[in-house]
Amino acid sequence: MVLADSWTTEWQYDAARPLLAETADTLVWLDLPFVSVTLPRLLRRTIGRRQSREELWNGNIEAPLWTFLTDREHIVRWAIRSRKNYKAAVPRLIHEYPHLIVVRLRSQQEAEEWLSGPLSG
């Protein structure tokens, strides 16, 4: 089983990480540059979902964009605040679960090359 690290998986929850790590054999760590890649992608998705009023879950829609200024838990503020958490969490996980193979991808090109490699079949 391959465990993928992204903003939308259970991996973001501290309590879930050990459960996932115990059963996974590989962790794919998308460690992309925050300012030039992650943040622009997050902003585009957030703005797009707000404009289209896309349902997120249980009838919820993206809050008005101005709530970035007032809501401490706004997704953009959360991303900025938590962006460095994985740089500490992944090495701890490697130490605690030595069986886990970690594939650290630091650019879009590295990700595309890895995805088109031997596991793509």
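## So, the environment of threonine 67
Phase 1 of the analysis: By the element assignment, threonine 67 lies in the loop between helix H2 (34–52) and helix H3 (75–82).
Phase 2 of the analysis: Sequence spacing of threonine 67 and arginine 104 is 37 residues, and the spatial spacing of their C-alpha atoms is 34 Å.

## As for the packing of H2 against H3
Phase 1 of the analysis: Where H2 contacts H3, the axes come no closer than 10 Å and their chain directions differ by 160 degrees. Classed by the angle they form, the pair H2 and H3 counts as roughly antiparallel. Taken as a pair, H2 and H3 cross one another with a handedness that is right-handed. Contacts between H2 and H3 involve Phe34, Leu39, Leu42, Leu43 and Thr46 from the former and Ile75, Val76, Ala79 and Ile80 from the latter.
Phase 2 of the analysis: Of the residues assigned to the contact of H2 with H3, the class counts are eight nonpolar, one polar and no charged.

## A look at a nonpolar patch on the surface
Phase 1 of the analysis: There is a patch of nonpolar side chains on the surface, built from Leu43, Ile47 and Leu65 and spanning about 220 Å² of accessible area.
Phase 2 of the analysis: Considering the arrangement of structural elements, one finds leucine 65 in the loop between H2 and H3.

## Focus: the confidence of the model for the protein chain
Phase 1 of the analysis: Summary statistics for the protein chain give a mean pLDDT of 85 and a share of 91% for residues scoring 70 or more.
Phase 2 of the analysis: Contacts for the low-pLDDT stretch residues 1–8, under 50 throughout, to residues beyond four places or in other chains number 31 contacts.

Quick notes on the rules
Per-chain numbering applies: the sequence of each chain, read as written, is numbered from 1 onward. Local features are withheld for residues below a pLDDT of 70 in this predicted model, meaning they are given only at 70 or higher, and side-chain atom pairs are given and counted only at 80 or more; totals for whole chains, interfaces and linings count all residues. No hydrogens and no water enter the side-chain calculation; it runs on all heavy atoms of the structure. Only DSSP runs of H or I covering at least 4 residues are called helices, and only runs of E covering at least 2 are called strands; the numbering of each starts at the N terminus. Orientation is described by axes fitted as lines to C-alpha atoms, over the contacting stretch for helices, and by angles from 0 to 180 degrees between their N-to-C directions. Angle categories are assigned with fixed cut-offs, so that under 35 degrees is roughly parallel, over 145 is roughly antiparallel, 65 to 115 is roughly perpendicular, and the rest are oblique. By definition, any crossing whose near helix is turned counterclockwise from its far helix by less than a right angle is left-handed, and any crossing with a clockwise turn is right-handed. Any two residues whose heavy atoms approach within 4.5 Å at even a single point are treated as in contact. Gly counts as polar in this scheme, as do all residues outside two lists: the nonpolar Ala, Val, Leu, Ile, Met, Phe, Trp, Tyr, Cys and Pro, and the charged Asp, Glu, Lys and Arg. A patch consists of residues whose relative accessible area exceeds 30% and which take part in no salt bridge; residues with like charges are grouped when within 9 Å of each other, and nonpolar side chains (Val, Leu, Ile, Met, Phe, Trp, Tyr) when within 5 Å. Here the open area of atoms and residues is found with the Shrake-Rupley method and a 1.4 Å probe, where only the protein chains shown may cover a residue. Whenever Lys or Arg places a side-chain nitrogen within 4 Å of a carboxyl oxygen from Asp or Glu, that contact is recorded as a salt bridge. For every residue, the predictor states its confidence as a pLDDT score lying anywhere from 0 to 100.

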